[in-house]
Amino acid sequence: VRPINWANRPKSYVMRTDDWDEFPNGRWGDATSPAFGELSDVSHFYSFTLGSDDDRRAMLGHNPTTDKDVFEVFARYVEGDVPHIPWCETPLQPESFLIQRQLAALNRAGFLTVNSQPPVNGAHSTHPTFGWGGAGGYVYQKAYCEFFVSPDNANRLVSMVTDHPSMNLYAVNNAGNELRVGVEEGGATALTWGVFPNREILQPTIFDPSTFLVWAEEAFSLWTTMWLNLYEMDSPSYDLIETIRDTYYLVAIIDNNYIAGSSVENGGINNKNSNSLWQKLMETSHAVVQ
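Residues numbered from 1 in each chain as written. Predicted model: local features only at pLDDT ≥ 70, side-chain atom pairs only at ≥ 80, totals over all residues. Heavy atoms only, no water.

### What to know about the packing of helix α6 (residues 209–226) against helix α7 (residues 236–247)
Then, number 1: For the pair α6 and α7, interaxial distance at closest approach is 10 Å and the crossing angle is 170°. When the axis of α6 is compared with that of α7, the two are roughly antiparallel. Seen from α6, the contacting residues are Phe 220, Trp 223 and Thr 224; seen from α7, they are Ile 241, Ile 244 and Arg 245.
Then, number 2: In terms of residue class, the contact of α6 with α7 is built from four nonpolar, one polar and one charged. (Axes fitted to C-alpha atoms, helices over the stretch in contact; angles between N-to-C directions. Helix = DSSP H or I, 4+ residues; strand = E, 2+ residues; numbered from the N terminus. Parallel < 35°, antiparallel > 145°, perpendicular 65-115°, else oblique. Contact = heavy atoms within 4.5 Å. Nonpolar A, V, L, I, M, F, W, Y, C, P; charged D, E, K, R; others polar.)

### Thoughts on helix α5 (residues 151–162)
Then, number 1: Here α5 is 12 residues long and its end C-alpha atoms lie 16 Å apart, about the 16 Å a rise of 1.5 Å per residue gives.
Then, number 2: Taken residue by residue, α5 has Asn 153, Ala 154, Leu 157, Met 160 and Val 161 as its buried positions. Projected down its long axis, α5 carries its buried residues within an arc of 115°, all on one side. Across from the buried face of α5, at angles greater than 90 degrees, the exposed residues are Asp 152 and Thr 162. (Expected span 1.5 Å × (residues − 1). Buried < 20%, exposed > 50% of the residue type's maximum accessible area, 1.4 Å probe, protein only. Arc of directions from axis to C-beta.)

### Concerning empty space enclosed by the protein
Then, number 1: Per the counting criterion, the structure on display carries one cavity of 30 Å³ or more.
Then, number 2: Considering only enclosed or pocket space, the largest cavity measures out at about 30 Å³ in volume.
Then, number 3: Lining the largest cavity we find Tyr 170, Ala 171, Glu 178, Arg 180, Pro 209, Phe 212 and Leu 213.
Then, number 4: If you list the elements that add at least two residues to the lining of the largest cavity, you get β6 (167–173), β7 (178–181) and α6.
Then, number 5: Sorting elements by how many residues they give to the lining of the largest cavity places α6 first, with three residues.
Then, number 6: Looking at the lining of the largest cavity, its residues break down into five nonpolar, no polar and two charged. (1 Å grid on protein atoms, 1.4 Å probe; cavity = no way out; pocket = protein on both sides within 12 Å on 5 of 7 lines; lining within 4 Å. Points joined across faces, edges and corners; volume = space filled by probe spheres on them.)

### A closer look at the packing of aromatic side chains
Then, number 1: Enumeration over the complete set of coordinates arrives at 17 aromatic pairs.
Then, number 2: With a centroid separation of 6.4 Å and 50° between ring planes, the pair formed by Trp 87 and Trp 227 is classed as tilted. Here Trp 227 lies in the loop between α6 and α7 and Trp 87 lies in the loop between α3 (67–78) and α4 (100–108), a separation of 140 residues in the sequence. In this pair, the class of Trp 87 matches that of Trp 227, namely buried.
Then, number 3: Residues Tyr 140 and Trp 193 carry aromatic rings whose centres are separated by 5.7 Å and whose planes lie at 5° to one another, so their mutual orientation is stacked. Taken together, the positions of Tyr 140 in strand β4 (residues 138–141) and Trp 193 in strand β8 (residues 189–195) put the pair 53 residues apart, joining distant regions of the chain.
Then, number 4: Residue class for Trp 193 comes out buried when judged on its relative accessible area of 15%.
Then, number 5: Ring pairs connect the aromatic residues Phe 74, Trp 87, Phe 148, Phe 220, Trp 223 and Trp 227, which therefore count as one cluster.
Then, number 6: The ring of Phe 196 carries Arg 199 above its face, with NZ or CZ at 5.0 Å from the centroid. (Phe/Tyr/Trp six-rings, centres within 6.5 Å; stacked < 30°, edge-to-face > 60°. Lys NZ or Arg CZ within 6 Å of the ring centre and 35° of its normal.)

### Thoughts on the nonpolar core
Then, number 1: Among the nonpolar cores identified, the biggest contains 67 residues, and Trp 87, Phe 148, Leu 157, Trp 223, Trp 227, Ile 253 and Leu 281 are the most heavily contacted of them.
Then, number 2: Setting aside chain neighbours within four positions, we find Trp 223 in contact with Val 70, Phe 74, Trp 87, Leu 112, Phe 148, Leu 228, Ile 241, Ile 244 and Arg 245.
Then, number 3: If you look at the next biggest cluster of nonpolar residues, it comprises six residues, including Ala 123, Phe 130, Val 139 and Leu 202. (Core = buried A, V, L, I, M, F, W, Y, C linked by side-chain atoms within 4.5 Å.)

### Points about the sheet that holds strand β5 (residues 143–149)
Then, number 1: In space, the five strands of this open sheet follow the order β2-β5-β10-β6-β7, with antiparallel pairing throughout. Among the strands making up the open sheet, the edge pair consists of β2 (112–117) and β7. Within this sheet the neighbouring strands show an average axis-to-axis angle of 10°, counted without direction.
Then, number 2: Strand direction decides the pairing type here: β2 and β5, joined by five bridges, are antiparallel. Bridge pairing links Ser 116 to Cys 145 in β5. (Pairing = 2+ DSSP bridges.)

### Quick notes on the packing of α3 against α4
Then, number 1: Running from amino to carboxyl end, α3 crosses α4 at an angle of 170°, the nearest separation of the two axes being 8 Å. With respect to each other, α3 and α4 are oriented roughly antiparallel. Taking contact as the criterion, the partners of Lys 68, Phe 71, Glu 72, Phe 74, Ala 75, Arg 76 and Val 78 in α3 are, on α4, Gln 100, Leu 103, Ala 104, Asn 107 and Arg 108.
Then, number 2: Grouping the amino acids of the contact of α3 with α4 by side-chain chemistry returns six nonpolar, two polar and four charged.

Nothing here speaks to function; it is geometry throughout.
Following this line, the structure appears as structure tokens:
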């Protein structure tokens, strides 16, 4: 069992947990258990290399001066034209190919995605994209999207989620200010789970609110260590990345209605469902662009 937040930075998660005495096996228990160790040690932050400074500038921009210059980097990563960004060690995961068009559009509208998964409702465990755990089972997952957005867009998302009780929103900025909608006091929620013969329910991926705050600290630090330091202090590019780091929110949205929008058997997401997470995010981003 692993928190979804490190899905695209697995080596960082491994380094953070290398001294744990116990690991969750099948179910994520109390995240505060001493046996699970401590996730929040800043010294454990792992920075993979994007190559030399020149290599990073080629990927992230030689001299970005507008928000849209940054938005385009994220969009081109989703489209496969940029191999890595600081929050993602590997190219876009195959399961997100089904929502690739939506993700690219969201990024160009200023919703800078770093993690996502479409909903799955009872796909065979041998499905070529979504399957796991061996033959004979069925797998499920909730729609999830995690991204950086401006304060104005964060407020738009609060309104969106407020109108859709199946959704939860968690957000925090670099100063530690939080936004939460549809969230009751409580622990982790399963985002991916599977049902197999002669086995109890397995849940390999979860979302834990307290762990999200730990991940956010790392996520915001990457703006500095992997991007901001490419530019001269007080240059337009430096000021741009610094402003994004210090003003944007990191937002995570879960749609607990995993039936809505799920159409794995047909090879794509059912965009006809007007209440799906992806449809609502697209509507919100279109309102921003207009």
